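Each chain, letter by letter, is given below.
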Amino acid sequence: HHSLGALDASLRERGARLVIRRGPTREAIEGLIEETGARAVYWNRSCEPARAAADADLADALRARGIETQSFAGALLAEPASMRKKDDSPYRVFTPFFRPFLARVRPGAPARPPRQISFPAKAPESLPREALELLPRVDWAGGLRATWTPGEAGAAAAWKRFLARAASRYEEARDVPGIAGTSRLSPHLHFGEISVRRMWRDAARRRKGMPAAKAASLDAYLRQLVWREFAHHVLWHFPRTPDDPLVVAFARFPWVHTPEALVAWRRGRTGYPIVDAGMRELWATGWMHNRVRMIVASFLVKHLRVSWQEGARWFWDTLVDADLANNTFGWQWAAGCGADAAPYFRVFNPVTQGRQVDPEGAYVGRWV
């Protein structure tokens, strides 16, 4: 809701505005074409299977009407289909993906925003944002409001703050949830409020001339951006993975159906401090530190033996950065059934992990 408001304000500064419609995408776009006389439709592609299918249907329908269509991989550094092994098969392991990615991909700098955007003299009808009913009727979102500043300005401020304060120590600080050691830009990236190309360019520029240790920290951050690319690569080439394990043998895994254990995990009431802290941070802010995401995921699938799909559904419902590619990839990695996954027998001991990543108890002390 607030991200759409920020986008509309940005468009109005340039002489345009946001038009909101509700209904099937194809019908909504065709209606706008009729009203405005548009001769071309541009959009950013998605790797999500349902959206990709809808995009293809829309493109076919518009071309049949003589409408020019162009789509772009604007949310990524590279086309997911462009990275393939020598035998033309997709990658399933990160390191063999990472090396050729660095060699082949040269992300261009993002274009500057236009000063003016042409817009019809008679503005198309638009639903008010409130009609989408994105805000909760019972106001449980206070923690989200206190944590995030949706919109391009909020994203730019968070990015500037990270580069100034945390980027040079990212490698050693990123696994410590009790400090501000990560960029926390995943929601802004998901909603298109900051360009991953800009982030790559800025980080690469800042890296130049740095001492080796600080440069290594920025290298570690850039590597995380490529992990994001890899997750989208896997979803693009294996579109069944949001529902089914990539390693098909895991479809027969004997998961345990324990509703009470699942509820305790969701509410942060398992009795394991680092697990409960992570789940309560998630409920309060819509976000969870990445290291803690691994710990709580391992706890669900390897201690409670509840299926990874249950965890993925809960994260999808509660994360402000809920991205189908990243969410699916992370849960299958934790369960041992996905691309480049940790072996099933590798277990994150929640007590040992808590002592390692939160030795002074700052994180647990805040949330539990």
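Just above sits the structure.
Attention in this report is confined to the structure presented alongside it. All residue numbers here refer to positions counted from 1 along the written sequence of the relevant chain. Given that the model is predicted, a residue must reach a pLDDT of at least 70 before its local features are reported, and side-chain atom pairs must reach 80 or more before they are shown or counted; all residues, however, enter totals for whole chains, interfaces and linings. In computing side-chain values, all of the structure's heavy atoms are included and hydrogens and water are not.

**Points about the overall build of the protein chain**
Secondary structure elements are taken from DSSP: a helix is a run of H or I of four residues or more, a strand is a run of E of two residues or more, and numbering for both begins at the N terminus. A count of helical and extended segments in the protein chain gives 17 helices and two strands. A compact globule built from 368 residues should have a C-alpha radius of gyration of about 21 Å, and the protein chain, at 22 Å, falls within 12% of that. Each principal axis of the C-alpha distribution contributes one length, and for the protein chain these read about 65 × 55 × 50 Å. For the protein chain, the proportion of contacts with a sequence separation of at least 24, taken over those separated by at least 6, is 75%. Counted charges follow a simple rule, with Lys and Arg positive, Asp and Glu negative, and His plus the chain ends left uncounted. Just so you know, the charge point we use is NZ for Lys, CZ for Arg, CG for Asp and CD for Glu. Averaging the coordinates of the 54 positive side-chain charges in the protein chain and doing the same for the 38 negative ones gives two points 6 Å apart. Two things to know: the radius of gyration comes from C-alpha atoms, and the globule rule equals 2.2 Å times the number of residues to the power 0.38. Residue contacts follow a heavy-atom distance rule, with two residues in contact if any of their heavy atoms lie within 4.5 Å.

**Structural notes on the packing of aromatic side chains**
Aromatic contacts are taken between Phe, Tyr and Trp rings whose centres are within 6.5 Å, Trp giving its six-membered ring; a plane angle under 30 degrees counts as stacked, one over 60 as edge-to-face, and the others as tilted. Per the stated rule, a full pass over the model turns up 27 aromatic pairs. A centroid spacing of 6.0 Å and a plane angle of 75 degrees characterise the contact between Trp265 and Trp331, whose relative ring orientation is edge-to-face. Of this pair, Trp265 sits in helix α11 (residues 259-267) while Trp331 is found in helix α15 (residues 324-335), placing the two residues 66 residues apart along the sequence. Across the pair, exposure class does not vary: Trp265 and Trp331 are buried alike. An aromatic cluster is built from Tyr91, Phe94, Phe97, Phe98, Phe101, Trp227, Phe230 and Phe329, whose rings are joined through pairwise contacts. Arg223 extends its terminal NZ or CZ atom over the ring of Phe98, reaching a point 4.6 Å from the ring centre. As a reminder, the over-ring test applies to NZ of lysine and CZ of arginine, requiring each to be within 6 Å of the ring centre and within 35 degrees of the ring normal. Positioned over the ring face of Tyr344 is Lys302, at 5.4 Å from the centre of the ring. Think of it in three bands: residues with accessible area under 20% of the maximum for their type are buried, residues over 50% are exposed, and the middle band is partly exposed, with areas taken using a 1.4 Å probe on protein chains only.

**Section: the nonpolar core**
Buried residues of nine kinds, namely Ala, Val, Leu, Ile, Met, Phe, Trp, Tyr and Cys, make up a nonpolar core once their side-chain atoms join them within 4.5 Å. Membership of the largest hydrophobic core comes to 42 residues, with the highest contact counts inside it found for Phe97, Phe101, Trp159, Phe162, Met199, Tyr221 and Phe230. Those elements that place two or more of their residues in this core are α4 (94-104), α6 (152-165), α9 (196-207), α10 (212-237) and α15. The greatest single-element share of this core, amounting to ten residues, is contributed by α10. Apart from the residues lying within four places of it in its own chain, the contact partners of Phe101 are Leu77, Ala78, Met83, Val226 and Glu229. Counting residues in hydrophobic clusters, the runner-up holds 34 residues, among them Met288, Val296, Trp331 and Ala342.

**Here we look at the environment of Ala277**
Here Ala277 shows up in helix α12 (residues 273-285). Given the relative accessible area of 0%, Ala277 is considered buried. Along the sequence, Ala277 and Gly365 sit 88 residues apart, while their C-alpha atoms lie 8.3 Å from each other. Those residues in contact with Ala277 that lie beyond four places of it in its chain are Tyr363, Val364, Trp367 and Val368.

**Re the pattern of salt bridges**
The rule for a salt bridge is simple: a side-chain nitrogen of Lys or Arg has to be within 4 Å of a carboxyl oxygen of Asp or Glu. Going through the model one piece at a time under the given rule, you end up with 17 salt bridges. Put simply, Arg21 and Glu35 hold a salt bridge, and the shortest N to O gap is 2.9 Å. One end of the pair, Arg21, is in the loop between α1 (2-12) and α2 (25-36); the other, Glu35, is in helix α2, with 14 residues separating them in the sequence. Glu133 is paired through a salt bridge with Arg137; the nearest N and O atoms lie 3.2 Å apart. No difference in accessibility class separates Glu133 from Arg137, as the two residues are exposed. Several salt bridges share partner residues, and in doing so they unite Arg26, Glu30, Glu34, Asp57 and Arg65 into one network.

**Observations concerning the packing of α9 against α10**
Contact geometry for α9 and α10: axes closest at 9 Å, N-to-C directions at 160 degrees. When the interaxial angle is binned, α9 and α10 end up roughly antiparallel. You can see that α9 and α10 cross each other, and the crossing is left-handed. Residues Val196, Met199, Trp200, Ala203, Arg206 and Arg207 of α9 touch α10, and the partners they reach there are Ala215, Leu218, Asp219, Tyr221, Leu222, Leu225, Val226 and Arg228. Inter-axis angles, ranging from 0 to 180 degrees, are taken between N-to-C directions of lines fitted to C-alpha atoms, where helices are fitted over the stretch in contact. When describing relative orientation, an angle under 35 degrees is termed roughly parallel and one over 145 degrees roughly antiparallel, while 65 to 115 degrees is termed roughly perpendicular and anything else oblique. Take the far helix as the reference: if the near one is turned anticlockwise from it by less than a right angle, the crossing is left-handed, and if turned clockwise, right-handed.

**Remarks on the side chain of Gln309**
Note that Gln309 resides in helix α14 (residues 308-318). Accessibility expressed as a relative area gives 18% for Gln309, which makes it buried. There is a polar contact of 3.3 Å between the side chain of Gln309 and the backbone oxygen of Asp243. In protein, a polar contact means a hydrogen-donor-capable atom and an acceptor-capable atom, both N or O and within 3.5 Å, with residues adjacent in sequence counting only if both atoms are side-chain atoms; elsewhere, any N or O pair within 3.5 Å suffices.

**What to know about unusual backbone geometry**
At Asp88, a residue that is not glycine, the phi angle is positive and equals roughly 75 degrees. You can see Asp88 is positioned in the loop between β2 (68-72) and α4. One non-glycine residue, Glu133, adopts positive backbone phi at about 55 degrees. Mapped onto the elements, Glu133 comes out in the loop between α4 and α5 (142-147). Judged by relative accessible area, Glu133 falls into the exposed class, the value being 52%.

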